[in-house]
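Coordinate analysis (summary)
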Amino acid sequence: MAFKGKAVDSKTVLLNLLLCLVTFYSVFYMIGSVCFGAFRLDHFDGLIPFDFKTEPAESNSKYLVNLLSLELTYFCSGLLFAAVVKRRVWDYALTVTLLHVMITSLVMLEFPTVWQWWLALGSGLFLMICNGQLIAYFTCQDEQSYASFSIC
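The residue numbers shown here count from 1 along each chain, following its written sequence. Reporting in this predicted model follows two pLDDT cut-offs: at least 70 for local features of residues, and 80 or more for side-chain atom pairs to be given and counted; totals over whole chains, interfaces and linings ignore these cut-offs and use all residues. Hydrogens and water are ignored here; the side-chain numbers use all heavy atoms of the structure.

**Focus: the overall build of the protein chain**
Segments assigned H or I by DSSP are reported as helices when at least four residues long, segments assigned E as strands when at least two residues long, and all are numbered from the N terminus. Within the protein chain, the regular secondary structure consists of four helices and two strands. Across the protein chain, helices and strands are ordered from the amino to the carboxyl terminus as β-α-α-α-α-β. In this scheme, a residue with accessible area under 20% of its type's maximum is buried, one over 50% is exposed, and one in between is partly exposed, where area comes from a 1.4 Å probe on protein chains only. Out of the 152 residues in the protein chain, the part that is buried amounts to 37%. We call two residues contacting when some pair of their heavy atoms lies within 4.5 Å. Look at the contacts in the protein chain between residues 6 or more apart in sequence, and 70% of them connect residues 24 or more apart.

Here it is as structure tokens:
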């Protein structure tokens, strides 16, 4: 099986990665603020994308807001990444997630060890990759630039 694809220069990749990061955190804060309002929480902190220390419990509204914001952000970001990069959404999704884990560790000054957070992050990443790749595939399948596989 041979891979036929067009090489992309580093400048384009870095620009797309920057656009994906800005999109990801913009969507995260927008969804987070809507969820905070919907759950009628008193205090909106700017650490919502990075908060993994909130006690995971069904009765904890702040935890539910953080979880819902994370999952909805990953779902929506996958769709938006497809519009930004048009191909290889899985690569940008994985890179943005790894950068998010590093930024989270820097902001909270601790590496996340809460298994519920990792489970939510992993399922969100799976949603982002599946949604983004499907959208990219169906919208770009007529383009010659979309990578294709052939048996040679």
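After that view, the rundown keeps rolling.
**So, the packing of helix 1 (residues 10-38) against helix 2 (residues 61-85)**
Where helix 1 contacts helix 2, the two axes come as close as 8 Å, and the packing angle between them is 145°. As for how helix 1 packs across helix 2, the hand of that crossing is right-handed. Residues of the contact of helix 1 with helix 2, tallied by class, amount to 18 nonpolar, six polar and no charged. As a rule, the C-alpha atoms of each element are fitted with a line to give its axis, helices using only the stretch in contact, and angles between N-to-C directions run from 0 to 180 degrees. Put simply, a crossing is left-handed when the front helix is turned counterclockwise from the back one by less than a right angle, and right-handed when it is turned clockwise. In this classification, Asp, Glu, Lys and Arg are treated as charged, Ala, Val, Leu, Ile, Met, Phe, Trp, Tyr, Cys and Pro as nonpolar, and every other residue, Gly included, as polar.

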